[in-house]
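Working through the structure, step by step
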Amino acid sequence: MVALGAGLAVLVGLGAGIGIGIATAKAVDAIARQPEATNNIRSTLIIGCALAEATAVYGLVASILIILMVK
């Protein structure tokens, strides 16, 4: 059961990866449509990717805590 719980917590990384991929695709599309707004789009994309990666790290930490604390 511990491994199952840890595995489910790690699935947060999958969601973060999908989210970053979608955000990057939308940013590239926005830059293609409006090249003069590249700097604003890029800075917003970097902030969004950092937040998505933070959720992945929280999931990793939760899975490690589940493995170490439940035993």
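Residues numbered from 1 in each chain as written. Predicted model: local features only at pLDDT ≥ 70, side-chain atom pairs only at ≥ 80, totals over all residues. Heavy atoms only, no water.

1. So, the overall build of the protein
- Each helix and strand in the protein was counted, giving three helices and zero strands.
- The secondary structure elements of the protein, listed N-terminal to C-terminal, are α-α-α.
- Since a compact globule built from 71 residues should have a radius of gyration of about 11 Å, the 16 Å found for the protein marks it as more spread out than a globular shape.
- In terms of its C-alpha atoms, the protein occupies a principal-axis envelope of roughly 55 × 15 × 5 Å.
- Intrachain contacts of the protein at a sequence separation of at least 6 include 74% that bridge at least 24 residues.
- About 5,100 Å² of surface is accessible on the protein, with carbon and sulfur atoms providing 74% of the total. (Helix = DSSP H or I, 4+ residues; strand = E, 2+ residues; numbered from the N terminus. Rg over C-alpha atoms; globule rule 2.2 N^0.38 Å. Contact = heavy atoms within 4.5 Å. Areas by Shrake-Rupley, 256 points an atom, 1.4 Å probe, with all protein chains shown as cover.)

2. Some words on the environment of Met69
- Mapped onto the fold, Met69 is located in helix H3 (residues 38–70).
- A relative accessible area of 65% means that Met69 is categorised as exposed. (Buried < 20%, exposed > 50% of the residue type's maximum accessible area, 1.4 Å probe, protein only.)

3. A word on the environment of Ala56
- Turning to its location among the elements, Ala56 is positioned in helix H3.
- Taking the C-alpha atoms as reference points, Ala56 and Leu11, 45 residues apart in sequence, are found 8.5 Å from one another.
- Excluding anything up to four places from it in sequence, Ala56 contacts Val12, Gly13 and Ala16.

4. Remarks on the side chain of Thr38
- Within the secondary structure layout, Thr38 lies in helix H3.
- Looking at Thr38, the relative accessible area reads 16%, which means it is buried.
- At 2.5 Å, the side chain of Thr38 and the backbone oxygen of Pro35 are in polar contact. (Polar contact = N/O pair within 3.5 Å; in protein donor to acceptor, adjacent residues only side chain to side chain.)

5. Regarding the packing of helix H1 (residues 2–10) against H3
- Two numbers describe how H1 lies on H3: the axes approach to 7 Å, and their chain directions differ by 170°. Judged by the inter-axis angle, H1 sits roughly antiparallel to H3. Where H1 approaches H3, its residues Val2, Gly5, Ala6, Ala9 and Val10 are matched on the opposing element by Gly59, Ala62, Ser63, Ile66, Ile67 and Val70.
- Its residues assigned to classes, the contact of H1 with H3 comprises eight nonpolar, three polar and no charged. (Axes fitted to C-alpha atoms, helices over the stretch in contact; angles between N-to-C directions. Parallel < 35°, antiparallel > 145°, perpendicular 65-115°, else oblique. Nonpolar A, V, L, I, M, F, W, Y, C, P; charged D, E, K, R; others polar.)

6. A short note on the confidence of the model for the protein
- For the protein, mean pLDDT is 87; residues scoring 70 or higher make up 99% of the total.
- Of all the helices and strands in the protein, H1 carries the lowest mean pLDDT, 78, while helix H2 (residues 12–33) carries the highest, 90. (pLDDT = per-residue confidence, 0-100.)

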